[in-house]
Amino acid sequence: MNIPMSSPDLTDADRQAVINVINTPILSMGKYTVDFEKAFCSLTGAKHAIAVNSGTAGLHLCVRAAGIGAGDLVITTPFSFVASSNALLFEGAIPIFVDIDPKTGNIDPELVADAAKNIEKHLPRKLSKVTGQRSLKAILPVDVFGQPADMDAINNVAKEHGLTVIEDSCEALGATYNGKHAGTLGEFGVFAFYPNKQITTGEGGVIITSDDKAAHFMRALRNQGRAPGDTWLQHTHLGYNYRIDEMSAAMGASQMSRLNEILSKREQVAAWYKAGLSQVEGVEIPFIEPFTTRTSWFVYVIRFDKKINRDEMAKKLEARGIPVRPYFLPIHLQPYMVEMFGGCEDDFPVTEDLGKRGLAIPFSGVMTKEQVDYVCQIIGEEVSK
Ligand SMILES: *Cc1c(COP(=O)(O)O)cnc(C)c1O
């Protein structure tokens, strides 16, 4: 049985949408981009949606719009895809990591509160002697694996300390937290559409916000800094080419019209996995918080008991044709991060523990029950050997 790690969920209608675009001369900044953006406003109720060419680009624009710059401090999680921290580094800001909740892998709101109160205590090793002008500006939580972070608790800290909240919802399109959409829970929310995400545009991202001024600024930055009224060669701001193309936007708009179906299929696959793996000794399945009123399944990450060597298990599963991937390698231990900030083992024990025990197994909305059962069977066999 050939089982891929992930697969996009594409229909003939999605493919036709791309063909429709390439039969016209407008391949960028046309009506499909507008349609794609509108789909996010209708889904989430956000006032503005700005489509860009990656989730990383979206996060970067939020950092600019929040006025986060060189030396500014932002509380965030080391248990994430690196883009959430890199967006800060692009502007010379400093990620202040705090550890995560062991149940979900999301940033621990109590540690966020502690960091906001005692920022000196949480500075990275290489900067801890530097005092002076550094000021805490924002919190950047990540909705890890499709489950929203505990955003009420995080927003309370933000309110108390006057901080902006940028919600990295790149893994959580369509998830809800106490009935409210992921991405709408802070001032800014960002989604991403690489082919392993819930919906895909090949490459792409969307920012949502209800802040008019920030939205206009981000639209300008996306388009080489051209403000409304600027001609093609006038650039009010230092901007970027973060535009999405029309082919991607058309595919995305078509995918968005089926979002509920796409997410439901992923929920079904997650339910099959739950049924197939809950009884397997030594394997822990994902924990869902009561405040998560809908999980938008991004990846399916199981955890092995401490007695099982995850890396050896990964090799055995690969050898039997099951592709797997460790999730995540902690950000503070990535080589460039160690060089910049002096991160060490044991800085964030919960993050490191999950990073050592977690393994993403094949997951997508197009998996069949037979494929899921087969993966569960092989895992069961290898674990009991
Ligand atoms: C996918 C993802 C992003 C953005 O990825 P791009 O490849 O730039 O679209 C950002 N943050 C997290 C947590 C992600 O999973």
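One structure accompanies this document, and this report is about it.

What counts and what doesn't
Residues numbered from 1 in each chain as written. Predicted model: local features only at pLDDT ≥ 70, side-chain atom pairs only at ≥ 80, totals over all residues. Heavy atoms only, no water. Pairing = 2+ DSSP bridges. Helix = DSSP H or I, 4+ residues; strand = E, 2+ residues; numbered from the N terminus. Axes fitted to C-alpha atoms, helices over the stretch in contact; angles between N-to-C directions. Contact = heavy atoms within 4.5 Å. Core = buried A, V, L, I, M, F, W, Y, C linked by side-chain atoms within 4.5 Å. Buried < 20%, exposed > 50% of the residue type's maximum accessible area, 1.4 Å probe, protein only. Domains from an automatic or database assignment.

### A word on the sheet that holds strand 8 (residues 188-192)
Then, number 1: Ordered in space as 1-9-8-5-4-2-3, the 7 strands form an open sheet in which the pairing is mixed. Each having just a single partner strand, strand 1 (48-52) and strand 3 (94-97) make up the two edges of the open sheet. If you compare each strand with its neighbour and ignore which way they point, the axes differ by 25° on average.
Then, number 2: Where strand 1 lies against strand 9 (residues 205-209), 5 bridges are found, and the strand directions are antiparallel. Looking across to strand 9, one finds that Val52 is bridged to Gly205.
Then, number 3: Strand contacts of helix 8 (residues 212-222): strand 1, strand 8 and strand 9, with the helix running at about 15° to strand 1, the strand carrying the most contacts.

### Topic: the nonpolar core
Then, number 1: Of all hydrophobic cores here, the largest spans 40 residues; its most connected members are Leu61, Phe145, Ile166, Ile207, Met218 and Tyr327.
Then, number 2: Every element with two or more residues in this core is listed here: strand 1, helix 3 (55-65), helix 4 (83-89), strand 4 (136-140), strand 8 and helix 8.
Then, number 3: The element that contributes the greatest number of residues to this core is helix 3, accounting for 5 residues.
Then, number 4: Composition of this core by domain shows at least three residues from each of domain 1 (12-256) and domain 2 (259-384).
Then, number 5: Apart from residues no more than four positions distant in its own chain, Leu61 is found in contact with Val52, Ile207, Met218, Leu221, Arg222, Tyr240 and Tyr242.
Then, number 6: Val82, Leu89, Val98 and Val157 belong to the second-largest nonpolar core, a separate cluster that totals 31 residues.

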